[in-house]
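If you want the building blocks of each chain, they are given just below.
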Amino acid sequence: MVKGYVHVEITTEQSPKKPGTPCGDVLLYDRTTSATTIILSDGLGSGIKASIAATICASRLLELLRRGFSLRSAVTNIIKTMNKAKDKNLPYAVFTVIRILNDGEATVMTYEMPPPLFIAGRIANILKQRKIIIDTEIAGEANCYVEPGDGIIVVSDGITMAGIGLSIKRGWQIEGVCNYINKSLSNGISIYNLPGQIHRHGRRLWEEEGGDDCTAALAFCRKGEIVNILTGPPEDKRDDIKTVNRFIHSEGNRIVCGASTASMVAKISGKTVAIDEDSCSELSPPKYYIEGIDLVTEGAITLNQVYNIIDEEEAYYEQDSAVTELCEHLKSSDRINFFVGKAKNPGHSHMAFQQKGVLPRHKIVPLLGEKLEKSGKLVVIEYL
C-alpha cells in the first residue's frame, strides 16, 4: 500500500460523429478525500439528443454516489432507469464508471460499454469482468489495485467499432485497441499521450465515413503533491497549540497566510517571524519568513489577489511576489488542504476592506477552492 496522497490524473481525447455538432459521449469526474470517480457515458444515437441522454445518465449516477450510495447500488439504480427508458423512447445511455479509492483499490463497472484496459509496467491488458444480472440487463464488474505509474483506459464504442465494414470487417475491437497500446508503449510513447493516439487512429479507421462519437480516457495514478495552508487562528484560543502542531507535521508543503497566524505559529514553534523587505511592492503585500515553513504571507489581501490572478498566464505575474509564489504552489499541487481559523479579525470589518472589495478569509477561501477544483485539484477546507 502506497503511503501519502495518490492523485488520479484524467486525460481525455474526444470528438463528435459530425464536426461542429455536440458529442454524444460525456465524461464527468469527482474527487473526494476517499476516492476519485470517473464516468464515461454514451448516449443513444448522436448529436444533441445523444449528448443530453449521456449527460443525464452520468450526472444522475454521480449524484447518487455523492449522496452515499454504494457503487453497486448506484449502478443498479441507473441501469433500471435506462432499461425502462429504452422501451419508452426516453433519453437512453450506456456507461462505464471507474472508482479508485485512496488506498489504490479500484472497481470498474460497465453497462453495454467496451471493457476497460489496465496498464502496469508499460504493459496493457484487458481487465477481466464478472457478469452481473441487473433487472434482466447484464453489467460488467472488474476489480484491480492501482499504484503510482499504473493507469486505466476506457473507450466508447466509437473507438472499438472503428473501421467496421471498411478497413476492418468487424471493427477495431477492444483486443485491437489493447494491441495498439502495447505497440505504442514499446515504441516509447508516453502513457499521457495514449488517449490522443488511440483517438487519432480510431478516426483514421473510420476513413471518410464519419463513423461515430469517439472518446478515449485515461485515469493515471501518481504520487500527489500536497499543499497545506493555515490562515487565521482557531476560534477557541485553547486550540492554538494543537492546530499548529498538526499543521507543522502535515505531509506536504506548509504555507501560512496572515500576520496573526504567523505570530501564532512562530510563538508555538519557538521560531521568529522576519519580513522580506525586497518582497514589498505597490501591488502585492509583503512576504515573511519562519524557519521550517515553505511560505509565509499576509492573509486576506493575498488570498483575494491570488483568487483574481490564479487563472492568468504565469508570464504576466509580478516577479518576487508573495502572491505569485502562492499561485505557483497552488498550480503545482494536486491536493490543497485549507485550515481556516474562525477567530474574528476586527480589521476585516473595516470599511476600507469593503470599499476595495477584499473578502474575509471565510468567504474568499471557498471561492478560491471552487476555482482550484475546476482545474482538477482536490480541495479540502476545514474550519477551526
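Coordinates for the structure precede this section.
What comes next concerns the included structure.

What counts and how
Residues numbered from 1 in each chain as written. Predicted model: local features only at pLDDT ≥ 70, side-chain atom pairs only at ≥ 80, totals over all residues. Heavy atoms only, no water. 1 Å grid on protein atoms, 1.4 Å probe; cavity = no way out; pocket = protein on both sides within 12 Å on 5 of 7 lines; lining within 4 Å. Points joined across faces, edges and corners; volume = space filled by probe spheres on them. Helix = DSSP H or I, 4+ residues; strand = E, 2+ residues; numbered from the N terminus. Phe/Tyr/Trp six-rings, centres within 6.5 Å; stacked < 30°, edge-to-face > 60°. Buried < 20%, exposed > 50% of the residue type's maximum accessible area, 1.4 Å probe, protein only. Expected span 1.5 Å × (residues − 1). Contact = heavy atoms within 4.5 Å. Axes fitted to C-alpha atoms, helices over the stretch in contact; angles between N-to-C directions. Left-handed = near helix turned anticlockwise from the far one by under 90°. Nonpolar A, V, L, I, M, F, W, Y, C, P; charged D, E, K, R; others polar. Patch = residues over 30% accessible without salt bridge, like charges linked within 9 Å, V, L, I, M, F, W, Y side chains within 5 Å. Areas by Shrake-Rupley, 256 points an atom, 1.4 Å probe, with all protein chains shown as cover. Salt bridge = Lys/Arg side-chain N within 4 Å of Asp/Glu carboxyl O. Parallel < 35°, antiparallel > 145°, perpendicular 65-115°, else oblique. Pairing = 2+ DSSP bridges. Right-handed = clockwise from strand over helix to strand, strands pointing away.

## Regarding empty space enclosed by the protein
Applying the stated criterion to the full structure yields one cavity of 30 Å³ or more. Taken as a whole, the largest cavity holds about 30 Å³ of empty space. Lining the largest cavity we find Leu-230, Thr-243, Arg-246, Phe-247, Phe-339 and Leu-384. By residue number, the principal contributor to the lining of the largest cavity is helix α6 (residues 240-248), which donates three residues.

## Brief notes about the packing of aromatic side chains
Tallying each qualifying case throughout the model produces five aromatic pairs. Measuring from centroid to centroid gives 5.4 Å for Trp-172 and Tyr-180, while their planes differ by 75°, and the two rings are edge-to-face. Exposure remark for Tyr-180: the relative accessible area of 16% places this residue in the buried category. For the ring pair Phe-247 and Phe-339, a centre distance of 6.4 Å and an interplane angle of 80° mean the geometry is edge-to-face. Placement of the pair is Phe-247 in helix α6 and Phe-339 in strand β17 (residues 335-340), with a sequence separation of 92 residues. The burial state of Phe-247 is the same as that of Phe-339; both residues are buried.

## As for helix α1 (residues 47-66)
Under the 1.5 Å per step criterion, the end-to-end length of α1 is 28 Å for 20 residues, consistent within 8% with the ideal 28 Å. Considered for burial, the residues of α1 that qualify are Gly-47, Ala-50, Ser-51, Ala-53, Ala-54, Cys-57, Ala-58, Leu-61, Leu-62, Leu-64 and Leu-65. Lining the buried residues of α1 we find β2 (25-31), β3 (35-43), α2 (71-87) and β4 (93-101).

## Points about the environment of Leu-295
Among the structural elements, Leu-295 can be located in strand β16 (residues 295-297). In the structure, Leu-295 is positioned 40 residues away from Ile-255 in sequence and 4.8 Å away in space, judged by C-alpha atoms. Other than its neighbours up to four places away in sequence, Leu-295 contacts Arg-254, Ile-255, Val-256, Lys-287, Ala-322, Glu-325, Leu-326 and His-329.

## With respect to the packing of α1 against α2
Across the interface, α1 lies against α2 with an axial gap of 9 Å and an inter-helix angle of 150°. The hand of the α1/α2 crossing is right-handed. In this structure, α1 uses Cys-57, Arg-60, Leu-61, Leu-64 and Leu-65 to contact α2, whose residues at the interface are Leu-71, Ala-74, Val-75, Asn-77, Ile-78, Thr-81 and Met-82. Looking at the contact of α1 with α2 residue by residue, the class counts come to nine nonpolar, two polar and one charged.

## Quick notes on a nonpolar patch on the surface
On the surface, Ile-48, Ile-52 and Ile-56 cluster together into a nonpolar patch covering about 280 Å² of accessible area. Within the element layout of this structure, Ile-52 appears in helix α1.

## Some remarks on unusual backbone geometry
With a phi angle near 60°, Arg-122 is a residue other than glycine that sits in the positive phi range. You can see Arg-122 is positioned in the loop between β6 (117-120) and β7 (123-126). A relative accessible area of 41% places Arg-122 in the partly exposed class. Its identity is not glycine, yet Thr-136 carries a phi of approximately 70°, on the positive side. Tracing the backbone through its elements, the reader meets Thr-136 in the loop between β8 (130-134) and β9 (137-145).

## Points about the packing of helix α8 (residues 300-309) against helix α9 (residues 322-331)
Contact geometry of α8 with α9 gives a least axis separation of 9 Å together with a crossing angle of 60°. Taken together, the axes of α8 and α9 lie oblique to each other. At the point where α8 passes α9, the crossing takes the right-handed sense. Residues Thr-302, Leu-303, Gln-305, Val-306 and Ile-309 of α8 touch α9, and the partners they reach there are Val-323, Leu-326, Cys-327 and Leu-330.

## Structural notes on the pairing of strand β13 (residues 253-257)
In terms of residue burial, β13 counts as a mostly covered element, since four of its five residues are buried. Where strand β12 (residues 226-231) and β13 come together, five bridges link them in parallel fashion. Considered in β13, the bridge of Asn-228 is made with Arg-254. Traced from β12 through α6 to β13, the parallel crossover comes out right-handed. Pairing between β13 and β16: three bridges, direction parallel. Note that in β16 the partner of Ile-255 across the bridge is Leu-295.

## Comments concerning the sheet that holds β4
On the basis of which strands lie adjacent, the open sheet formed by six strands has the order β2-β3-β4-β5-β9-β8 and antiparallel pairing. Each edge of the open sheet carries a strand with a single partner, namely β2 and β8. Going across the sheet, the axis of each strand differs from the next one's by a mean of 15°, ignoring polarity. Note that β4 and strand β5 (residues 105-111) share six bridges and pair antiparallel.

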